[in-house]
Structure formats: structure tokens, C-alpha cells
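Residue-level structural notes
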Amino acid sequence: GRSLTLSSDHMVYANAKLVPAVDVRVGDFLIDAHDGSRAVLAIRIGVPKRGLYNPHTIQGDIVVNGVVASTYTSVQLSTLTHMLLSVERAAFRLGFSVLGNMLEVQRPAVLSWYMRTFGSA
């Protein structure tokens, strides 16, 4: 079967709705990129992982190990984040980047403020 590892705040499509991973239950259906949908057979909590993985894509979705998930988290307001990244998406289509690797190298001050105000850093 397929395996998906993500934080409890990452958004995933369960039962055709975008929900935080913490709300997914055994028996819920996730979108399988190859076979339509698959039932969740098991959930493991507290799997230790190192690193920070949260890529953003043009459309806001990503396929991980064959499972369709969102690149957004419940800390972010998905529609607001998608709107704010529209400038980067437009630049990408024109062949350049506004942000470059800024989010990989340093956390912008506005993002630090947002995390302190609305979520965990």
C-alpha cells in the first residue's frame, strides 16, 4: 500500500474535502493519483522525522507516494496563501522567480510574525 508522512497541520484531501491531517481517520478515503481513491488502513502518530518539507506548487497540490495532498497547512489560510503566491506563479510562467530560494535560506519577517500570531513557529 501507499504511505504518506506529514505533520498534523498539513492539509490532505479526505472524503473529497480538504482537511488537516489530524482529522483523518481509519476508513476515510484519500485521493490516489493512480487509482482514484483509497481507504486509510492505519494511522501512526509521532513518527520522528528530521528536516522541513513544505514545497509549494503552481496549483497548490502535490503527489507524495501516489497520494494527492495540499502544499498548504491549517496554519495557513489556503486561499490567502494561494493568492499571495500568485505573483510567484506568474513569474514562474515567465521564466523567473520573485522569491528565489529566500524561503529556504531565511524566514521573512512577515512570515515569522504570522507564525507567532496564528500558529506555531
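A few points on the structure. Since this is a predicted model, take the numbers as computed values, not measurements.

Along the backbone of the protein chain there are 4 helices and 6 strands. Ordered by position in the sequence, the α and β elements of the protein chain form the string β-β-β-β-β-β-α-α-α-α. Looking at the protein chain as a whole, 27% of its 121 residues are labelled buried. Partitioning the intrachain contacts of the protein chain with sequence separation of at least 6 by distance along the chain shows that 38% fall at a separation of at least 24. Of the roughly 8600 Å² that the protein chain leaves accessible, carbon and sulfur atoms contribute 60%.

Note that strand 5 (residues 61–64) and strand 6 (residues 67–73) share 4 bridges and pair antiparallel. When the bridges of strand 6 are listed, isoleucine 62 appears paired with alanine 69. Counting the residues that bridge the hairpin from strand 5 to strand 6 gives 2 residues, and of these asparagine 65 lies at a positive phi of roughly 50°.

What follows covers helix 2 (residues 86–93). Listing the buried residues of helix 2 in full gives Glu88, Arg89 and Ala91. The buried side chains of helix 2 occupy one side of the element, clustering within an arc of 160° when seen end-on. Helix 2 presents Val87 and Arg93 as exposed residues on the side facing more than 90 degrees away from its buried surface. Just past helix 2, the residue glycine 95 takes up positive phi, approximately 95°.

This part is about the pairing of strand 3 (residues 29–32). Every other side chain in a regular strand lies on the same face of the sheet, so the side chains alternate between the two faces. Inspection of the sheet shows strand 3 paired to strand 4 (residues 36–39) by 4 bridges, in the antiparallel sense. Paired with leucine 30 across the two strands is arginine 38, which belongs to strand 4. Between strand 3 and strand 4, which pair antiparallel and follow one another directly, the connecting turn spans 3 residues.

Of note in the backbone geometry, asparagine 15 takes a positive phi value of approximately 55° without being a glycine. Residue position: asparagine 15 is located in the loop between strand 1 (10–14) and strand 2 (17–20). On the basis of relative accessibility, which here comes to 37%, the residue asparagine 15 falls in the partly exposed class. Even without being glycine, asparagine 65 reaches a positive phi, approximately 50°.

This part is about the environment of isoleucine 43. By the secondary structure assignment, isoleucine 43 is in the loop between strand 4 and strand 5. Each C-alpha atom of the pair isoleucine 43 and valine 22 lies 9.9 Å from the other, and the pair is 21 residues apart in sequence. If sequence neighbours within four positions are ignored, isoleucine 43 has contacts with Val24, Arg25 and Val26.

Parameters and conventions
- Residues numbered from 1 in each chain as written.
- Predicted model: local features only at pLDDT ≥ 70, side-chain atom pairs only at ≥ 80, totals over all residues.
- Heavy atoms only, no water.
- Helix = DSSP H or I, 4+ residues; strand = E, 2+ residues; numbered from the N terminus.
- Buried < 20%, exposed > 50% of the residue type's maximum accessible area, 1.4 Å probe, protein only.
- Contact = heavy atoms within 4.5 Å.
- Areas by Shrake-Rupley, 256 points an atom, 1.4 Å probe, with all protein chains shown as cover.
- Pairing = 2+ DSSP bridges.
- Arc of directions from axis to C-beta.

Interpretation in functional terms is not warranted from these geometric data alone.
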